[in-house]
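# Descriptive structure summary
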Amino acid sequence: MMALWQSFVELVHELIPWFDGSIATILIILIKAVALVMPLMLVVAYFTYAERKVIGYMQLRIGPNRVGPKGWLQPIADALKLMTKEIIFPTKANIYLFLLAPILAIAPAIAVWAVIPFDEGIYVANLDISLLYGVYGIILAGWASNSKYPLLGALRSASLLVSYEIVIGFALVTVVMIAGSVNLNDIVMAQKGSILHWYWIPLFPMMIIFFISALVETNRAPFDVVEGESEIVGGTHVEYSGMTFAVFFLAEYANMILMAVLAVIMFFGGWHSPFEGVPVMESMFSWVPGIIWLLAKTSFFMFLYLWVRATFPRFRYDQIMRLSWKVFLPWTIAWIFVVALMTQLKIGPWF
């Protein structure tokens with residue numbers, strides 16, 4: 001896979017010999033960005049289809065089955081519907097901020113993919129601060145709508161994001177301590193080996209906390225109080241319609257996939273095969289590209305999103321905040337000291 005990627009880069013350079021090096025580099029980055037964003041948007045669209053189908057089967061329902069064979073064209077029909085709906089602007093709303101809010105929601109959700117390593121040497125940008133990328137919500141939308149319900153949803157969103165971003169940050173500190181780097185490529189390479197060498201074993205509590213916090217950060221059930229229909233109508237985007245609403249929708253699902261990929265990179269060995277270093281098994285699965293292992297592991301965590309939504313009822317707002325500040329935060333701080341002690345004393349598998 002790495003050789004194929006290098007061949008693609010060399011081909012681009014050969015096709016544009018009249019450009020200088022800097023222009024050629026920019027063009028390659030743009031091609032990489034398009035090659036990344038287009039499949040991502042397709043995955044987001046069909047993740048919505050998979051969600052309705054999987055939850056439908058879990059609840060003994062059929063799910064989408066009318067548009068195309070077995071409902072396969074349902075995401076396309078949804079996209080056409082959203083693109084043709086009228087965009088309505090609330091009275092006395094700040095139009096500029098009202099339109100800027102969806103952009104601020106989708107931009108970080110896409111930009112962060114630039115530092116995601118899909119295989120050894122396959123990424124858009126290899127930054128030493130790649131772990132410091134943030135995933136931020138849509139707080140501005142609530143204020144710009146000039147309506148009490150979106151504002152209430154924005155306030156809840158702000159408190160949840162602050163609370164659980166702190167928890168996620170502390171959970172990932174333990175990963176950085178073991179790997180000795182904030183670069184995602186270095187973190188994956190530090191887990192080189194079989195499934196027993198991945199960080200999910202020494203950091204199992206942190207992996208659980210990270211996944212639960214990711215549910216809150218992406219506004220997923222059972223923590224979707226930001227848009228709890230029975231309480232605050234539709235949350236921060238209640239005044240949005242048409243494509244402006246669709247952008248929020250895309251950002252939410254793009255963030256879900258991103259969190260699943262980060263869980264794999266941080267705790268499940270990234271692109272590494274679970275049979276690396278295992279006699280016989282390694283040679284049997286050596287033909288599988290690393291990106292396939294990454295996508296398979298990511299699909300597992302994406303399925304967990306759907307499974308959890310179909311299983312648990314919604315938590316109250318105060319219960320979610322109590323879980324963050326009184327349970328997760330003290331536990332992650334304590335685990336940081338445990339990992340630091342084990343790392344300094346060279347007690348495996350923390351070093």
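Residues numbered from 1 in each chain as written. Predicted model: local features only at pLDDT ≥ 70, side-chain atom pairs only at ≥ 80, totals over all residues. Heavy atoms only, no water.

If you walk through the whole model with that rule in mind, you get six salt bridges. A salt bridge links E51 to R220, with the shortest nitrogen-to-oxygen separation between them at 2.5 Å. Of the two residues, E51 sits in helix α2 (residues 21-58) while R220 sits in the loop between α8 (204-217) and α9 (229-232), which places them 169 residues apart along the sequence. In terms of burial, E51 and R220 fall into one category: buried. D318 is the partner of R316 in a salt bridge, and the nearest nitrogen-oxygen pair spans 2.9 Å. Relative accessible area serves as the criterion here: at 46%, R316 is assigned to the partly exposed category. Through salt bridges that share partners, E51, R220 and R309 make up one connected network. (Salt bridge = Lys/Arg side-chain N within 4 Å of Asp/Glu carboxyl O. Helix = DSSP H or I, 4+ residues; strand = E, 2+ residues; numbered from the N terminus. Buried < 20%, exposed > 50% of the residue type's maximum accessible area, 1.4 Å probe, protein only.)

At a closest axis distance of 9 Å, the pairing of helix α4 (residues 95-111) and helix α10 (residues 242-267) adopts a crossing angle of 20°. With respect to each other, α4 and α10 are oriented roughly parallel. You can see that α4 and α10 cross each other, and the crossing is left-handed. Facing α4, whose interface residues are L99, A101, P102, A105, I106 and A109, α10 presents T244, V247, F248, L250, A251, A254 and N255. Of the residues in the contact of α4 with α10, the class split is 11 nonpolar, two polar and no charged. (Axes fitted to C-alpha atoms, helices over the stretch in contact; angles between N-to-C directions. Parallel < 35°, antiparallel > 145°, perpendicular 65-115°, else oblique. Left-handed = near helix turned anticlockwise from the far one by under 90°. Contact = heavy atoms within 4.5 Å. Nonpolar A, V, L, I, M, F, W, Y, C, P; charged D, E, K, R; others polar.)

Our next topic: the packing of α8 against helix α13 (residues 317-344). Two elements in contact, α8 and α13, have axes separated by 11 Å at closest approach and are oriented at 150°. Judged on the interaxial angle alone, α13 and α8 are roughly antiparallel. The crossing of α8 and α13 is left-handed. Packed against α8, whose contacting residues are P205, M206, I209, I212, S213 and V216, the element α13 presents I320, L323, F328, W331, T332 and W335 at the interface. A per-class count over the contact of α8 with α13 returns 10 nonpolar, two polar and no charged.

Interpretation of the predicted coordinates at a detailed level should be avoided for regions scoring low in pLDDT. Confidence in the prediction for the chain averages 83 pLDDT; 85% of positions are at 70 or higher. Confidence, expressed as mean pLDDT per element, reaches its minimum in the chain at α9 with 55 and its maximum at helix α12 (residues 290-311) with 93. (pLDDT = per-residue confidence, 0-100.)

Turning our attention to the packing of aromatic side chains. Here the structure, examined in full by the defined rule, presents 24 aromatic pairs. Considering the side-chain rings of Y164 and F328, the 6.4 Å spacing of their centres and the 85° angle between planes classify their relative orientation as edge-to-face. Taken together, the residues span a long stretch of sequence, with Y164 in helix α6 (residues 148-179) and F328 in helix α13 at a distance of 164 residues. When its relative accessible area of 8% is taken as the criterion, F328 is described as buried. Consider the rings of W200 and F268, whose centres lie 6.0 Å apart with planes at 20°: the pair is stacked. Of the two residues, W200 is situated in the loop between α7 (184-190) and α8 and F268 in the loop between α10 and α11 (281-284); the sequence distance between them amounts to 68 residues. Judged by its relative accessible area of 24%, W200 is partly exposed. Residue classification places F268 among the buried residues on the basis of a relative accessible area of 17%. A network of ring pairs unites the aromatic residues W198, W200, F211, F268, F300, F301 and Y305 as a single cluster. (Phe/Tyr/Trp six-rings, centres within 6.5 Å; stacked < 30°, edge-to-face > 60°.)

What follows covers the layout of surface pockets. Looking at the largest pocket, its volume works out to about 1,000 Å³. In this structure, the largest pocket is lined by 39 residues; those nearest its centre are T48, R52, D78, F249 and Y253. Broken down by secondary-structure element, the contributors of at least two residues to the lining of the largest pocket are α2, α3 (74-84) and α10. Residue composition of the lining of the largest pocket, grouped by class: 24 nonpolar, three polar and 12 charged. Estimates place the volume of the second largest pocket at around 580 Å³. Every residue lining the second largest pocket is counted, 21 residues in all, and those nearest its centre are L36, P39, F118, I291 and L295. Contributing elements (two or more residues each) for the lining of the second largest pocket: α2, α10 and α12. (1 Å grid on protein atoms, 1.4 Å probe; cavity = no way out; pocket = protein on both sides within 12 Å on 5 of 7 lines; lining within 4 Å. Points joined across faces, edges and corners; volume = space filled by probe spheres on them.)

For the rest of this paragraph, the subject is the nonpolar core. W113, I116, L203 and F267 are the most contacted members of the largest nonpolar core, which totals 68 residues. Put simply, the parts of the chain that give this core at least two residues each are α2, α6, α7, α8, α10, α12 and α13. Broken down by element, this core gets its largest block of residues, 14 residues, from α10. When residues no more than four places from it in sequence are discounted, the contact partners of I116 are I122, Y123, L184, L258, V261, L262 and I265. In terms of nonpolar packing, the next biggest core, distinct from the first, is built from nine residues, I106, A141, F248 and A251 among them. (Core = buried A, V, L, I, M, F, W, Y, C linked by side-chain atoms within 4.5 Å.)

Right, let's talk about the environment of K192 for a bit. Considering the arrangement of structural elements, one finds K192 in the loop between α7 and α8. Between the C-alpha atom of K192 and that of G277, which follows or precedes it by 85 residues, the distance is 9.2 Å.

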